[in-house]
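Analysis of the macromolecular model
The lines below spell out each chain.
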Amino acid sequence: MIDVTKEGGVWTVTINRPDKANSLTKTMLEELDQIAQDAAGDARVLLLTGAGKVFSAGADLDEARAGLATDDVWERLSGAIAAAPCLTIAALNGTLAGGAFGMALACDLRIAVPEAKFFYPVMKLGFLPQPSDPARMEALIGPARTKMILMAGQKVSADEAVQWGLIDRVVPADDLMRAALELAEHARGQTAQHVARMKAMMG
């Protein structure tokens, strides 16, 4: 359910469970965490995307009821992505919801299709967000808009998300992967060490 292709320094990681809106099980989250850690050795670019019309609906419902919604595996995964010494890109092929937000917030760049929506219904569900997510979100869009999503439970459209700075670019669905690989082009042509050194110069 997690597919990985490695080509020319670009690791493309696809959440492939479209029949379940790419909802994530603990096994899938642990696999993603390991991939993000492994990328430190060879990848110049780590590209995250999903199969079908939804990037990820967050936690698998059955596992969420059994405790996955508050498991620290989410925080470990977002931490591994944030720590990866390569260019990380979230190519959001559709809606991003719930705990899956952490993966995208931890990436360096985020692009999305026009149909994507963004929501994180933790207040409604009675959970707290992953510990690092509010700070990462606030760094992108400011405190009030972060509260709009996390506390007021607002669902944000792609157009609004790009205006706020939550995502960096809106791209037609047919062009999404081409646009993501275009963003990867300069980094993929360098050594992993060079990419890591440049990334270390930025916050």
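Quick summary incoming for the structure in this document. (Residues numbered from 1 in each chain as written. Predicted model: local features only at pLDDT ≥ 70, side-chain atom pairs only at ≥ 80, totals over all residues. Heavy atoms only, no water.)

Reading across from one edge, β1-β2-β3-β5-β7-β10 is the order of the six strands in this open sheet, with mixed pairing throughout. Of all strands in the sheet, those bounded by a partner on one side alone are β1 (2-7) and β10 (169-170). Packed onto the sheet, helix α9 (residues 176-188) meets β1, β2 (10-15), β3 (45-50), β5 (87-92), β7 (109-112) and β10 and runs at close to 175 degrees relative to β5. (Pairing = 2+ DSSP bridges. Helix = DSSP H or I, 4+ residues; strand = E, 2+ residues; numbered from the N terminus. Contact = heavy atoms within 4.5 Å. Axes fitted to C-alpha atoms, helices over the stretch in contact; angles between N-to-C directions.)

The next thing to look at is empty space enclosed by the protein. Taken as a whole and assessed by the stated rule, the structure comprises one cavity of 30 Å³ or more. One number sums up the size of the largest cavity: a volume of about 40 Å³. Forming the walls of the largest cavity are V13, L32, I35, A36, L46, L48, L77, I81 and M103. When residues in the lining of the largest cavity are grouped by element, the largest group, three residues, is from helix α1 (residues 26-42). (1 Å grid on protein atoms, 1.4 Å probe; cavity = no way out; pocket = protein on both sides within 12 Å on 5 of 7 lines; lining within 4 Å. Points joined across faces, edges and corners; volume = space filled by probe spheres on them.)

Moving on, we come to the packing of helix α6 (residues 133-141) against helix α7 (residues 143-150). Running from N to C, α6 and α7 cross one another at 130 degrees; their axes reach a closest spacing of 7 Å. In terms of orientation, α6 lies oblique with respect to α7. Judged by the twist between their axes, the crossing of α6 over α7 is right-handed. On α7, the residues that touch P134, M137, E138 and I141 of α6 are P143, R145, T146, I149 and L150. (Parallel < 35°, antiparallel > 145°, perpendicular 65-115°, else oblique. Left-handed = near helix turned anticlockwise from the far one by under 90°.)

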